[in-house]
Amino acid sequence: MSANERAARALREILQKPGNLVCADCGAPDPGWGSCSLGVFICLACSGIHRNIPDISKVKSLSLSRWEDHEIQFMAENGNEIMKSKYEATVPVYYYKPTHKDCQVLREQWIRAKYERKEFCEPANNLTYEEGTRDGMLMKRGRDNGQFLSRRFVLSEREGTLKYFTKYDAKEPKAVIKVDTINATFQPEKIGNPNGLQITYLKDYSTRNIFLYHDRGKEIVDWFNSIRAVQLHYLKVAFPVATDAELVPKLTRNFLKEGYMEKTGPRQTEGFKKRWFTLDHRRLMYFKDPLDAFAKGEVFLGNRDHGYNASPGLPAGNHCNGAWQHGITIETPDRCFLFTCETESDQQDWLKHFNNVLNAQMSPQEYAMEAFFKRRH
């Protein structure tokens, strides 16, 4: 057996230890790379980020690189679980730990925060996300002209708000957004910038979108986690007996699904028109364009036991007069909504998400939201 074969065999054995069979940074299965300076096993995507911080991390392929005996010994003595106990010892509950499904900027800043800045090694660290206020300039997309312009944003834990101003020295904000209505999600492809962040909030009981970015990845991710920290503070005040495990899911969340479908109007005789749909848990919103500030309409998805249902196909007598043929019918207590998808796989994926939502039990806040939707419509 050659030296390379012995090394590969030894590494395969080390991989079987608890925690080593998934990427130490994003949880992707079957990591094919290792950092021989940090002692962790990582996936291909995260290895590229590690390679950009060569002073901290030296990466090697588990199958293609040459490993020295002392490097293999170091991996055996450490590994993902031991290194997590060091580098993730004090990660705050509000801090968003990205998965392999998240975008590059989130994963890169998580890796840099852990290993380069060592933010979570010591409990006494003064984290930028916990200062209670944040004030800075972000590029914001104009609602009407689509141009990105520099705008001042101010986040305040004491006031529970995120404000933005059209000019740095403006006395009055253009908008005052209550943090308990905010969702923030990274949307690099939609926005056309690797650091693109979408903020969604309620304005006059309607959903409003604003689209932001910052040239520095650290800055936009710091804003994101600062918003989550303020949200958690607000929730702890509002729900003093709730546990962290109960509150964290109420912070910012990724949309369940987004994409194009065609829909027809309430009389179901109008032509099917292509719209961009966003499923944000129980709210299905549709837009003429993915970057629209306001939704053209919203559908509330309640619990199946209360008269809500989603099924493939369209009702008898309804025919697809649009380009797409794979129908979906959503029934609510008040009316039916008819959609069509471009492909059968897209139809099945939408139905899977719809049915997961319809099968889930509703919270008291969701019952209140349902009552509001019924009053408004």
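Residues numbered from 1 in each chain as written. Predicted model: local features only at pLDDT ≥ 70, side-chain atom pairs only at ≥ 80, totals over all residues. Heavy atoms only, no water.

### Quick word on the pattern of salt bridges
For the coordinates displayed, the defined rule picks out 25 salt bridges. Here K114 and E88 are joined by a salt bridge, their closest N and O atoms 2.8 Å apart. Of the two residues, K114 sits in helix α5 (residues 104-116) while E88 sits in the loop between α4 (80-87) and α5, which places them 26 residues apart along the sequence. Residue class for K114 comes out buried when judged on its relative accessible area of 1%. Between D144 and R143 there is a salt bridge, with its nearest N and O atoms 3.7 Å apart. (Salt bridge = Lys/Arg side-chain N within 4 Å of Asp/Glu carboxyl O. Helix = DSSP H or I, 4+ residues; strand = E, 2+ residues; numbered from the N terminus. Buried < 20%, exposed > 50% of the residue type's maximum accessible area, 1.4 Å probe, protein only.)

### Digging into the environment of L358
Here L358 is to be found in helix α9 (residues 344-359). Taking the relative accessible area as the measure of exposure, L358 reaches 2% and is therefore buried. Distance in space between the C-alpha atoms of L358 and V59 is 45 Å, their sequence separation being 299 residues. Contact partners of L358, with chain neighbours within four places excluded, come to L301, G302, N303, R304, Y308, N309 and A310. (Contact = heavy atoms within 4.5 Å.)

### Examining the pairing of strand β7 (residues 175-178)
Burial along β7 is one-sided: the residues A175 and I177 are buried and none of V176 and K178 is. Here four bridges tie strand β6 (residues 161-165) to β7, and the two strands are oriented antiparallel to one another. Bridging from a neighbouring strand, K163 pairs with V176 of β7. (Pairing = 2+ DSSP bridges.)

### What about the domain arrangement of the protein?
Per the domain assignment, the segments making up the protein are domain 1 (3-116), domain 2 (133-242) and domain 3 (257-375). For domain 1 and domain 3, the distance between their C-alpha centroids amounts to 41 Å. (Domains from an automatic or database assignment.)

### With respect to helix α3 (residues 69-77)
Along α3, the residues that are buried comprise E71, I72 and M75. Seen end-on, α3 carries its buried residues on one side only, within an arc spanning 100°. Relative to its buried face, α3 has exposed residues pointing more than 90 degrees away, namely D69 and H70. G79 sits one or two positions beyond α3 and adopts a positive phi of about 90°. (Arc of directions from axis to C-beta.)

### Quick look at the side chain of T200
Along the chain, T200 turns up in strand β9 (residues 197-203). Among the polar contacts listed, one links the side chain of T200 to the side chain of N209, at a separation of 3.0 Å. Dropping the residues within four chain positions of it, T200 is found in contact with T181, I182, N183, T207, R208, N209 and F255. (Polar contact = N/O pair within 3.5 Å; in protein donor to acceptor, adjacent residues only side chain to side chain.)

### Description of the sheet that holds strand β8 (residues 183-186)
The strand order β7-β6-β5-β4-β10-β9-β8 describes an open sheet built from seven strands, whose pairing is antiparallel. For this open sheet the edge positions go to β7 and β8, each flanked by a neighbour on one side alone. The average undirected angle you get between the axes of adjacent strands in this sheet is 35°. Inspection of the sheet shows strand β4 (residues 133-141) paired to strand β10 (residues 206-213) by two bridges, in the antiparallel sense. Looking across to β10, one finds that K140 is bridged to L212. Together, β4, β5 (148-156), β6, β8, β9 and β10 form the strand contacts of helix α7 (residues 217-238), whose direction differs from that of β4 by roughly 125°. (Axes fitted to C-alpha atoms, helices over the stretch in contact; angles between N-to-C directions.)

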